[in-house]
Structures are given as structure tokens and as C-alpha cells.
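Survey of secondary and tertiary structure
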Amino acid sequence: MTLGFLWLAASAGALSLLTPCVFPMVPITVSYFTSHAATDRRTSIRHALVFGLGIIASFTALGLALAVFVGAAGVTMLAGNPWVNLLLTVIFAGFALNLFGVFEIALPSTWLTALDNVVRRQGAAGQGVGVFGALLMGLTFTLTSFTCTAPFVGTVLVTAAQGKWQEPLLGMLVYSTVFALPFCVLALVPEWIARLPRAGGWLQSTKVVMGFVELAAAMKFLSNADLVWRWGVVTRSVVLVSWVVLAAITVIYLLWQQRGTGGVRLSPAMRAGYLTATAGALTTGVWLATGLTGRSLGDLESFLPPTDYETAAATAMNHGAAAPMSLAWRLNDYPAALALAKQQGKRVFIDFTGYTCTNCRWMEANIFTRPDVKAALGQFVLSRLFTDGDGDMYERQQAFQESQFKTVALPLYAIVDADGHTVTSLPGLTRDPATFVAFLEKGLQSQDVH
């Protein structure tokens, strides 16, 4: 699990608070607990904390359900299925339209009414809402805010589906904790409520800007489908150009919003906020544009199709021999790699990877390109096996990975001798080049480990 994913979950939780159906409810909800829900401050604080726990439990239940009912193998299969990625493209585009205000995502009103009635009966039966009532209020608030939080929750869950089964659970726990934190903090220090900025047009602007981000995410999943089906259309350059265009549109939109709406003049603080956001969008667009020149974009490379996508995809389509890359990989042909290893007296380095694996792309862009790593890899016969493609071959390769290495998580790196016996393996991503070099050096040692 990467820190980047946890940062995404925390950021999504914070941004969810800055939406029109959530932000105005923060002071209202906290004021209810501090002035009406209890007869003393201690009970009020306890109920507010339980309310926050209700929010956390509601969101985390979604992650738990995905982890339990889908599991590791299911998550990997879903992440690599091109039809699922096309569906996710449509969903994220729908999230964007929702944030733009084209339509509203809403839960059945009967659900909300039933929960509200339970909370009211709980309050009528005793003093205040009670602990159980506070929990139900947290669940009710979660559901009533669904219109604005759905795009953010969807982003975290879908991103989690690109990794291990534990990520949906932890991702939603981080998301909901950040989302619920203001309610708990303001219940402890209610005088801070007066310092919150007034709700206004800036909330709508936040939604629209996040809509552009959702469109950028849609391009990512469209490129996943392209990679699996090897269309060769949604390449790295195409994705980058679409992101640069979206950044430019965001800049134009924010500049327009700085003029104010309906003749309302912006306060100096709001104008400064708009200028800061505009500068951020402009800087991001310029930075993304540098990637079109071939410059590496660091961690972002893991979300982009590989630079050598067209040639690699064409070679993989033919199930052929070494691709015309800087390293000579045998693509999707493990038996041929073993035969070559016997002929040359070498061991085989296996790269279990996926067309839609973001951690795999990061390793390829940031670790495999290092001179010391390339020198060590050059001493092996290199076998790259995709496990998330569309066809029997990919299913066989995933089954081979699971039977021999007891996992289907990607990436997985393994070194075997010419007879296919495992020498050593390294599961997952590592950001420490020294760790990866040490793994390769261990695989080059003379003794066999069976």
C-alpha cells in the first residue's frame, strides 16, 4: 500500500467537506449537539464523538464489503477487465456531470425518512438523541450527503481496486476519519464555529473544479481499456494532452469566477483563494505539458500508459520475442525464457505485471530505468508476464503466479533457475533502489534455493 493512496483518501475526505451539501451542515450539526442534544457539555461531546464514529462506520462498511465480497483475486480481475474500465470511465464522467450540476445523484427518500423517524423516536424516548441516536444520525448524515460525497467515495474505492484487498478497507477508514474530524473538533471547541468562512459561490466553484478532476480520472480508466485491448489510441501523449486541456479550462473557469456572480463582489480573502487556486491549476498544466517532451513526471508516470506503449503492445499482441525496449524482455512466453536460460546458463527474472497496474508503471519508470538496476537485470533472461489481459493466456499466467508464489497481487518480481525453481521473490512496489538491487544480487548468487 502506497502513501500516495492514503494521501488520495485523506484529500478526498477533506475535499468532500468543501461541497455545498456538506460544508453548511458542519456548524449546524455541531451547534445541535452543543446546545440541544444534551444537558451537560460532557454528554454533548460524547454524542458528537459518537456521531463522528457513525460517519466513519458508515463509509468504512463500504470498504469492508468490497474487501470481503471481492477479495484479492477478484480485485485484480476487476482492475484489469477492459469492460469494467470502460464502465468506470462512464461512471467517472457521470460523477463529473453530477459535480457540474447537470443531474443529481440521490438515494431513495424512503431510506432517509425511515432513518430520520428512528432518530426522532430515540430522542423522544429519552434525554437528547442518546448514543444510539447519535450513531443513527451519523449514518443519516452520511446518506444525505451522498449527492456530494459519491464522486469522492467512488474515486477512493475504484483506486483501491487497483491494489490489494486491504486497501478498500483502510482507504475508506482514512477518508471517513478526515471527513468526520471537523465535527468532533468543533464539538470540543465550539467557539471555532464562528471562524468558519460563510458558505457561498466558492463551494460551487470547488464542485466544478473537482468535476474537471473526475474527467481526468475518466481518461485514466479509458487508457486502461485501451492498454488491455491494445487499440493504440489512448496513448501517454493523448492522456497528457487531455489533462493539459482540462487544466487550461480550469484556469479559465477560475479566472471567470473571480469576477463574482450576480454582481456580488468577492472579499479580499475569497479573491486571494481564487488566485491561489488559479495559480495551482496553471502550474499543474505547465508541469503536465513538460511530460509531452518526454520528461519524466515522477510518481504520476504510474497513472500514464508507458512511453514505449505502441511497440510493447504490438510485440505482446504477437506473443513474440524481445520487445524493442532498452532491456530485452520475453513477453508472455515463459517457456521460451526458460529454454533461453538453459542455453545461456542464466537465471530468469520474472516480472508479473498488468496493463492496468499503476504500481507496475511506477517501478518501470523509476526503478528499472536506473543504471545500476539495468546493469543487474542485464545478467538475467527477462520474462514479463501480464496477468490482467483479455484471454486464456493471461488467466494461465495468473494461475501460474498464484500456484507458485501464492499471490495474485501486482507487481510481483521473482527469480527462478533454468528449471523453474524459485530462487527468491520480491512482492509489491519498493521505492528504495538499494532494496531492489539487493534482491537482484541475491538472485545472482551461485547457490540454488528450492
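Scroll up to find the structure this text is about.
As a starting point, this report considers the structure included with it.

Definitions and cut-offs
Residues numbered from 1 in each chain as written. Predicted model: local features only at pLDDT ≥ 70, side-chain atom pairs only at ≥ 80, totals over all residues. Heavy atoms only, no water. Helix = DSSP H or I, 4+ residues; strand = E, 2+ residues; numbered from the N terminus. Buried < 20%, exposed > 50% of the residue type's maximum accessible area, 1.4 Å probe, protein only. Lys, Arg positive; Asp, Glu negative; His and termini not counted. Salt bridge = Lys/Arg side-chain N within 4 Å of Asp/Glu carboxyl O. Polar contact = N/O pair within 3.5 Å; in protein donor to acceptor, adjacent residues only side chain to side chain. Core = buried A, V, L, I, M, F, W, Y, C linked by side-chain atoms within 4.5 Å. Pairing = 2+ DSSP bridges. Disulfide = S-S within 2.5 Å. Patch = residues over 30% accessible without salt bridge, like charges linked within 9 Å, V, L, I, M, F, W, Y side chains within 5 Å. Areas by Shrake-Rupley, 256 points an atom, 1.4 Å probe, with all protein chains shown as cover. Axes fitted to C-alpha atoms, helices over the stretch in contact; angles between N-to-C directions. Contact = heavy atoms within 4.5 Å.

1. Description of unusual backbone geometry
Of all residues except glycine, most have a negative phi; of all peptide bonds, most are trans. Here N332, not a glycine, exhibits a phi torsion of approximately 55 degrees, which is positive. By the secondary structure assignment, N332 is in the loop between β1 (329-331) and α13 (334-344). We classify N332 as buried; its relative accessible area is 6%. For K406, which is not a glycine, the phi torsion comes out positive at approximately 60 degrees. Note on placement: K406 falls in the loop between α16 (392-405) and β4 (412-416). The exposure class of K406 is exposed, given its relative accessible area of 68%.

2. Side note on the side chain of D388
Assignment of secondary structure puts D388 in the loop between β3 (381-386) and α16. There is no salt bridge for the buried D388, and the closest opposite charge comes from R361, which lies 6.6 Å off by N-O distance. One polar contact links the side chain of D388 to the main-chain amide nitrogen of Y355, over a distance of 2.8 Å.

3. Some words on the nonpolar core
F349, F368, L377, Y413, F436, F439 and L440 are the most contacted members of the largest nonpolar core, which totals 27 residues. Residue contributions to this core peak at 4 residues, all from helix α17 (residues 433-444). Counting 18 residues, the second-largest nonpolar core is a separate cluster that includes L338, C357, C360 and F405.

4. A word on the pairing of strand β5 (residues 422-427)
Across 5 bridges, the pairing between β4 and β5 is antiparallel. The residue of β5 that forms the bridge with L412 is P427.

5. Regarding the state of the cysteines
Taken as a whole, this structure holds 1 disulfide when the rule is applied. Here C357 pairs with C360 through a disulfide, and the sulfurs are 2.2 Å apart. Here C357 and C360 share a disulfide; its torsion about the S-S bond, 80 degrees, makes the bridge right-handed. The pair formed by C357 and C360 is uniform in burial state, with each residue classed as buried.

6. Overview of a nonpolar patch on the surface
A grouping of V241, V245, I249 and L292 is seen on the molecular surface, where their side chains present a nonpolar patch of about 300 Å² in accessible area. Among the structural elements, L292 can be located in the loop between α11 (268-290) and α12 (309-317).

7. With respect to the sheet that holds β5
Backbone hydrogen bonds are what pair the strands of a sheet, in a parallel or an antiparallel way. With respect to topology, 5 strands assemble into an open sheet ordered β1-β3-β2-β4-β5, the strand pairing being mixed. Only two strands of the sheet have a single partner each, and these edge strands are β1 and β5. Strand-to-strand twist across the sheet, computed as the mean angle between neighbouring axes with direction ignored, equals 20 degrees. Two strands pair when backbone bridges link them, and strand β2 (residues 348-353) and β3 are joined in this way by 6 bridges, in the parallel orientation. Each bridged residue has a counterpart across the sheet, and for I350 the counterpart in β3 is S383. Across the sheet, α13 touches β1, β2, β3 and β4, and the angle it forms with β3 is around 170 degrees.

In short, the description is geometric, and any link to function would need to be established separately.
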